[in-house]
Amino acid sequence: MSGVRHRRSPYRLVSYQPPKRPQQRPDRNARTEERATELLAEVSESNEALPNAWDSALKDKRFRADDLLSAIGRLHDQKNFESAIEGIQSALRNDQAQTWMYDVLAMEMKLANRPQDQIDRVLLSRIDFAAGNEAQMLITASYMARFGAYDQAIAICREAAKRNPWQPTTWGLARRLADGSQNPEAIIWSRIGTIRHVWADGFEDEHAEAVTVLRDLERKMTAAENPKMASTVRTAIQSANARDLRIRVSWVGDADIDLVVIEPNGQRCSRKSRLTSNGGMLIRQSDGGKQGRHTEEYVCVEAQSGEYEIKIRYILGRVITGKVKVEVIRYQNTDHEKSMSVATEVIEHDATIKVLVERGRGAAQK
């Protein structure tokens, strides 16, 4: 059965990985620097006015994003903000636009003391260009960090996280940016977001790393005689680790068994729809097929109050004992934690268990 049915993770819907310049192949990186050098030399040696010099260099040649980024980055490092501005504007005029250019252009304009209304128009243009694309926003944030503009990069990451908090890539980039900025508030936000929202494969390691970083920050704040920030970190960890509802189904054998959870407003969390708008997620799945222990697991960090219907469906194969173990934990890691465990037969018919969540923190959804 496992060779026929393929289960797709919802986290594959957005598979963008932000660019990591240090990991480029040496030959490609060398070529990027070479092309950036050639471009800057052509502009600097031109007798034309700066805008025209850039247009002449770009209008008949195509450059990769990394080539242009390298060239603009050099100008930024040299504090040649006016040339950086003209270079980006020329790229936009000559159909070589990239979303990151708008944010970098706004930053260079600010450094060059350009009027605020010009900067605002650039940022509005970026919103129109990106059209709400979170992947493009993450690319821009990654490029902004290249210029050391961590505050702007983190602000972009925050916006992307608001639009889709369940995308692990967003939180991975957020953690790197926060560490680069060394801003305690950004470090707290990125790690708390990871603990709450990252449930893709390997989430245990990412959660553990997040807690370790936060505990280290708490100790640093205590040592720095900043008890208010230390308390903020402790409270944040406690809140982030709370899970309103967690359901785990386990069995021994080679059977394929499905877990389906029907939420109070009727939404179904299953292998066909692993993430609901309520925040319910199927975080572990098993297709059976091999002898051994198998597990399927559902979690809702901030669940709606109401009745949850748990369905355990037998597909095929053998359950050694004929029964599966169902564990239900409500209000996990809080003073009100409740847990129950039952063994139920599933071979001849589906098993159904109903659970009431009275202290759900989730907002009601239609």
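Described in the following lines is the structure provided in the data block. The written sequence of each chain sets the order in which its residues are numbered from 1. With pLDDT at 70 or above as the cut-off, local features in this predicted model cover only qualifying residues; side-chain atom pairs require 80 or more to be listed or tallied, and sums for whole chains, interfaces and linings still use all residues. In computing side-chain values, all of the structure's heavy atoms are included and hydrogens and water are not.

Let us now look at the sheet that holds strand β1 (residues 243–253). In a beta sheet, neighbouring strands pair by backbone hydrogen bonds and run either parallel or antiparallel. Taken in spatial order, the five strands of this open sheet run β4-β5-β1-β7-β8, and their pairing is antiparallel. Every interior strand has two partners, whereas the edge strands, β4 (280–284) and β8 (338–345), have only one. When strand polarity is set aside, the average angle formed by the axes of neighbouring strands in this sheet is 15°. The pairing criterion is simple: DSSP has to find at least two bridges between the two strands. Strands are runs of DSSP state E lasting at least two residues, helices are runs of H or I lasting at least four, and both sets are numbered from the N terminus onward. With nine bridges joining them, β1 and strand β5 (residues 292–300) adopt antiparallel strand pairing. In the sheet register, W251 faces β5, and the bridge partner there is H294. For helices, the fitted line uses only the C-alpha atoms of the stretch in contact; every axis is such a line through C-alpha atoms, and the angle between N-to-C directions lies from 0 to 180 degrees.

As a further point, take the nonpolar core. Ranked by internal contacts, the top residues of the largest apolar core, which has 68 residues, are L39, W54, I72, W100, V104, L177 and I188. Of the residues forming this core, the biggest block, eight residues, is contributed by helix α5 (residues 99–111). Note on contacts: a residue pair is in contact if any heavy atoms of the two residues lie within 4.5 Å. With residues up to four places along the chain from it excluded, the contact list for I72 reads W54, A84, G87, I88, V104 and F147. Put simply, a nonpolar core is a bunch of buried Ala, Val, Leu, Ile, Met, Phe, Trp, Tyr and Cys residues held in one set by side-chain atoms that sit within 4.5 Å of each other. When a residue's accessible area, from a 1.4 Å probe over protein chains only, is under 20% of the maximum for its type it is buried; when over 50% it is exposed; and in between it is partly exposed. With 26 residues, the next largest nonpolar core counts C300, Y308, V326 and I353 among its residues.

A separate point is helix α3 (residues 65–77). Multiplying one less than the number of residues by 1.5 Å gives the expected span of a helix. Helix length check: α3 (13 residues) gives 18 Å between terminal C-alpha atoms against 18 Å at 1.5 Å per residue, within 8%. For α3, the tally of buried residues reaches 11 of 13 residues, placing the bulk of the element in the interior. Those residues of α3 that fall on the buried side of the exposure criterion are A65, D66, D67, L68, L69, S70, A71, I72, G73, L75 and H76. With its phi angle positive at about 60°, K79 sits one or two positions after the end of α3.

Structurally, the position occupied by R196 is in helix α10 (residues 184–197). Of the polar contacts made by the side chain of R196, one reaches the side chain of S239; its length is 2.8 Å. If we ignore the near neighbours within four places in the chain, the residues touching R196 are W166, S239, A240, V301 and E302. Nitrogen and oxygen atoms within 3.5 Å of one another constitute a polar contact, given that in protein one can donate a hydrogen and the other can accept it, and given that sequence-neighbouring residues count only through two side-chain atoms.

The next point concerns unusual backbone geometry. Even without being a glycine, E225 presents a positive backbone phi close to 55°. Secondary-structure assignment places E225 in the loop between α11 (203–223) and α12 (227–240). Accessibility expressed as a relative area gives 71% for E225, which makes it exposed. A positive phi angle is found at N333, which is not glycine, with a value near 65°. Among the secondary structure elements, N333 is positioned in the loop between β7 (323–332) and β8.

Bringing the environment of V261 into the picture now. Among the structural elements, V261 can be located in strand β2 (residues 256–262). Judged by relative accessible area, V261 falls into the buried class, the value being 1%. Considering only alpha carbons, one finds V261 and V299, 38 residues apart in sequence, at a separation of 9.9 Å. Once residues within four sequence positions are removed from consideration, V261 is found in contact with I247, Q267, R268, C269, Y298, Y308 and E309.

None of this, on its own, says anything about what the molecule does.
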